[in-house]
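Analysis of the macromolecular model
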Amino acid sequence: MDIPTEPIGSIPRPAELLAAMADHAAGRIGDDGLAAAQDRAVGDTVRRLESIGSPVVTDGEQAKPSFATYPLTGLKHLAPDGVVIPFADGHQRQLPRLTAGPLRYGVYADRYLKAALRHAVSPVKQAVIAPSALSLLYPPDGIDGYPREAFLDDLTSEAEADVRRCLDAGAHRVQIDFTEARLALKLDPSGSLLEQFIALNNQVLERFSATEQTRIGIHTCPGGDQDSTHSLDVDSTTLLPALLKLKAGAFYVQLASEPDPDKVLAVLAEHLPDSAHVFIGVIDPIDPRIETPEEVRDRVLAAARHLPLDRLGTCDDCGFSPFADDTSTSRDTAFAKIRARIEGTALASHALGG
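For the structure given in this document, a descriptive report is provided here. (Residues numbered from 1 in each chain as written. Predicted model: local features only at pLDDT ≥ 70, side-chain atom pairs only at ≥ 80, totals over all residues. Heavy atoms only, no water.)

Regarding the packing of aromatic side chains
Throughout the structure, instances matching the rule amount to seven aromatic pairs. Ring centres of Tyr70 and Tyr112 lie 5.8 Å apart, and the angle between their planes is 90 degrees; on these two criteria the pair is classed as edge-to-face. Here the residue Tyr70 occupies a position in the loop between α2 (31–51) and β1 (78–79), and Tyr112 occupies one in helix α3 (residues 110–117), the gap between them amounting to 42 residues. For the residue pair Tyr70 and Tyr112, the accessibility class agrees, reading buried in each case. Geometrically, the ring pair formed by Phe178 and Phe197 is edge-to-face, given 6.5 Å between the ring centres and 70 degrees between the ring planes. (Phe/Tyr/Trp six-rings, centres within 6.5 Å; stacked < 30°, edge-to-face > 60°. Helix = DSSP H or I, 4+ residues; strand = E, 2+ residues; numbered from the N terminus. Buried < 20%, exposed > 50% of the residue type's maximum accessible area, 1.4 Å probe, protein only.)

Brief notes about the nonpolar core
Among the nonpolar cores identified, the biggest contains 87 residues, and Phe178, Ile218, Leu243, Phe251, Leu268 and Ile280 are the most heavily contacted of them. Ranked by residues supplied to this core, first place goes to helix α7 (residues 192–205) with seven residues. (Core = buried A, V, L, I, M, F, W, Y, C linked by side-chain atoms within 4.5 Å.)

Thoughts on the sheet that holds strand β8 (residues 250–253)
Ordered by their spatial adjacency, six strands build an open sheet running β5-β6-β7-β8-β9-β10, and the pairing between neighbours is parallel. Strands at the two margins of the open sheet, each flanked by one partner only, are β5 (126–129) and β10 (312–316). The average undirected angle you get between the axes of adjacent strands in this sheet is 30 degrees. Alignment of β8 against strand β9 (residues 277–283), held across four bridges, turns out to be parallel. Of the residues in β9, the one forming a bridge with Phe251 is Val278. (Pairing = 2+ DSSP bridges. Axes fitted to C-alpha atoms, helices over the stretch in contact; angles between N-to-C directions.)

With respect to the environment of Ile3
Within the element layout of this structure, Ile3 appears in the segment before α1 (15–25). Residue classification places Ile3 among the buried positions, given a relative accessible area of 8%. With 347 residues separating them along the chain, Ile3 and His350 place their C-alpha atoms 9.4 Å apart.

Things to note about the pairing of strand β6 (residues 174–177)
Both faces of β6 are covered, namely the face carrying Val174 and Ile176 and the face carrying Gln175 and Asp177. Pairing of β5 with β6, which is carried by four bridges, proceeds in the parallel orientation. Bridge pairing in β6 links Ile129 to Asp177. Pairing of β6 with strand β7 (residues 216–220), which is carried by four bridges, proceeds in the parallel orientation. Of the residues in β7, the one forming a bridge with Gln175 is Gly217.

A look at the layout of surface pockets
Taken as a whole, the largest pocket encloses approximately 770 Å³ of empty space. In terms of lining, the largest pocket is formed by 29 residues, of which the most central are Leu34, Gln38, Ala63, Lys64 and Pro65. At the level of elements, α1, α2 and α3 are the ones that each hand at least two residues to the lining of the largest pocket. Top contributing element to the lining of the largest pocket by residue count: α2, with six residues. (1 Å grid on protein atoms, 1.4 Å probe; cavity = no way out; pocket = protein on both sides within 12 Å on 5 of 7 lines; lining within 4 Å. Points joined across faces, edges and corners; volume = space filled by probe spheres on them.)

As for unusual backbone geometry
Following Gly101, the chain continues into Pro102 via a peptide bond in cis, with omega recorded as 0 degrees. Relative to the helices and strands, Pro102 resides in the loop between β4 (97–98) and α3. Positive phi, normally seen in glycine, also occurs at Gln226, with a value near 50 degrees. By secondary structure assignment, the location of Gln226 is in the loop between β7 and α9 (240–243). Given a relative accessible area of 33%, Gln226 falls into the partly exposed group.

Some thoughts on the packing of α2 against helix α12 (residues 331–351)
Packed helices, taken two at a time, are described by the angle their axes make and the gap between the axes. As a packed pair, α2 and α12 sit with axes 11 Å apart at the nearest point and diverge in direction by 30 degrees. Regarding the angle of α2 to α12, the classification is roughly parallel. Like other packed secondary-structure pairs, α2 and α12 cross with a definite hand, here right-handed. Of the residues in α12, those in contact with Ala41, Asp44, Thr45, Arg48 and Leu49 of α2 are Arg331, Asp332, Phe335 and Ile338. Split into classes, the residues belonging to the contact of α2 with α12 amount to four nonpolar, one polar and four charged. (Parallel < 35°, antiparallel > 145°, perpendicular 65-115°, else oblique. Left-handed = near helix turned anticlockwise from the far one by under 90°. Contact = heavy atoms within 4.5 Å. Nonpolar A, V, L, I, M, F, W, Y, C, P; charged D, E, K, R; others polar.)

Fair warning: the whole summary comes from geometry, so function is off the table for now.
Below, the structure written as structure tokens:
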């Protein structure tokens, strides 16, 4: 049996696109010039993924400002002083704060999917941000004339539209990025915040049929930005039982950077829903060392001792450059790691009789 393998999402932007982004910010080129550079980067990303044998490709998030904030592009009612996300190395990312309603996405992810489909021969998956992440836009002290309940209603509808538009446009699978899941346990060890996030995300997922849910996946990781994480110190086995209650057909679970992968695999095996597939991370994007195909093979074989082979796949732990300005990993290194994942997964398939 061939074991499926998929990328997670972001890939470092090429030098030409980084230069175009700087020129656009400085007013030296207009929107059309930036869009042309983005499209060239998407085309190069898709071609390179296909050339190394990736059975499923992505746009590499080349045109997204970040994996989390693309829906906010062009919105006016935002202030810069929102929730702060601290990383282990001391740097921070800060979300904006919503100042007025109603919430409407400025950009839906099918824009990026359609751009990739123009270049791709292989199936294309599309990453979208979880509604739980965008729920953090709403300020603790509320917004006059726009109660939190109304905000959550709008957010649920917009998140549904984001996923549905990608399904309708022909996505191989829509991957909901839920990196704040593990962070929720760091912020609130009682689990209450995580339960709220799970409930909100399920409100969106329940709007899809069982058939549609098979084409929706959930990605979880401890964050990955500038070669640092925000919640790797949280035991992932405390997260997984709750996470696996989400009504999705696939789960993409960070594993390569786990100190005790067998412990994590045992919890996955115990709580994996009967019909769901699980893609285990076999590549650590924030480790500068390029894994060998043999290392990947051995990680897959270890997972196969715990998980049903017909529902097992591989992926990277997380994206390589989830924020557009993250240049901590080179583009060539990212593709070399992806090649190792593809080749190592094929070695494991052969060893398991595929």
